[in-house]
Structure formats: C-alpha cells, structure tokens
Amino acid sequence: MCRHPCSQPTLLRQECHMHHGIQNEECIREELTEKKCLAELHCQREATNFYPENEMVLPDIASISKEDREHCRKVVYDLARCLSKFGIGQSR
C-alpha cells in the first residue's frame, strides 16, 4: 500500500486537534509542519521561494526595506494562491 507523503504530519495535526481542539494555538507547530509538507508536494516552486533551505534568523521588522516587504508579501501570496487550488489553507 502506498502512503501519502504527508500522512505523518497530517496524523500528528489531527491528534493534536483531538486533544486541544481545532481553534487552539497548541497545535500551531503541527499545522505548520503539515502545511509545509503539502506545499512542498503540490507547490514546489512557491514552496522553494517561501521556505528557506537553512533556518534563518528573521531581521527586526523595522530594518526591512519597503521593497523587501513587498517581495515577501508576493512570495506569501503566491504560495497561498497555489495552495488554495488544492483546498489547503482555507478557513476551517
């Protein structure tokens, strides 16, 4: 039997929701891990732009130029638009 590549993160998110409820911030790590897996599966180009290869320290928001903020906003929008085609990231 072939398992879905994101079945483990999905199962962990579902278990967290069963224990803490869907609208609880206790499950944010599980939700983001599942979303990253699904993004890398369905939206490879957008995920590559959104998720850095190595962990990065984010700069202070005040030190980010307007051009960089606009670029980041576009990257986030592109990923969200792609994921929405697969029903991912929609409101619960």
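See the structure above.
Caption draft 1: Representation of the pattern of salt bridges within the structure. For the structure shown, the criterion picks out 5 salt bridges. With a closest N to O distance of 2.4 Å, Glu34 and Arg13 form a salt bridge. Highlighted residues: Glu34 in helix 2 (residues 28-42) and Arg13 in helix 1 (residues 7-20), separated in sequence by 21 residues. When its relative accessible area of 10% is taken as the criterion, Glu34 is described as buried. Residue classification places Arg13 among the buried residues on the basis of a relative accessible area of 18%. Ionic pairing is found between Arg81 and Asp78, a salt bridge with its closest N-O pair at 3.4 Å. Within this pair, Arg81 and its partner Asp78 are both found in helix 4 (residues 66-84), separated by 3 residues, close to a single helical turn. By relative accessible area, which is 12% here, Asp78 ends up buried. When salt bridges that share partners are traced, they join Lys74, Asp78 and Arg81 into one network.

Criteria and cut-off values
Residues numbered from 1 in each chain as written. Predicted model: local features only at pLDDT ≥ 70, side-chain atom pairs only at ≥ 80, totals over all residues. Heavy atoms only, no water. Salt bridge = Lys/Arg side-chain N within 4 Å of Asp/Glu carboxyl O. Helix = DSSP H or I, 4+ residues; strand = E, 2+ residues; numbered from the N terminus. Buried < 20%, exposed > 50% of the residue type's maximum accessible area, 1.4 Å probe, protein only.

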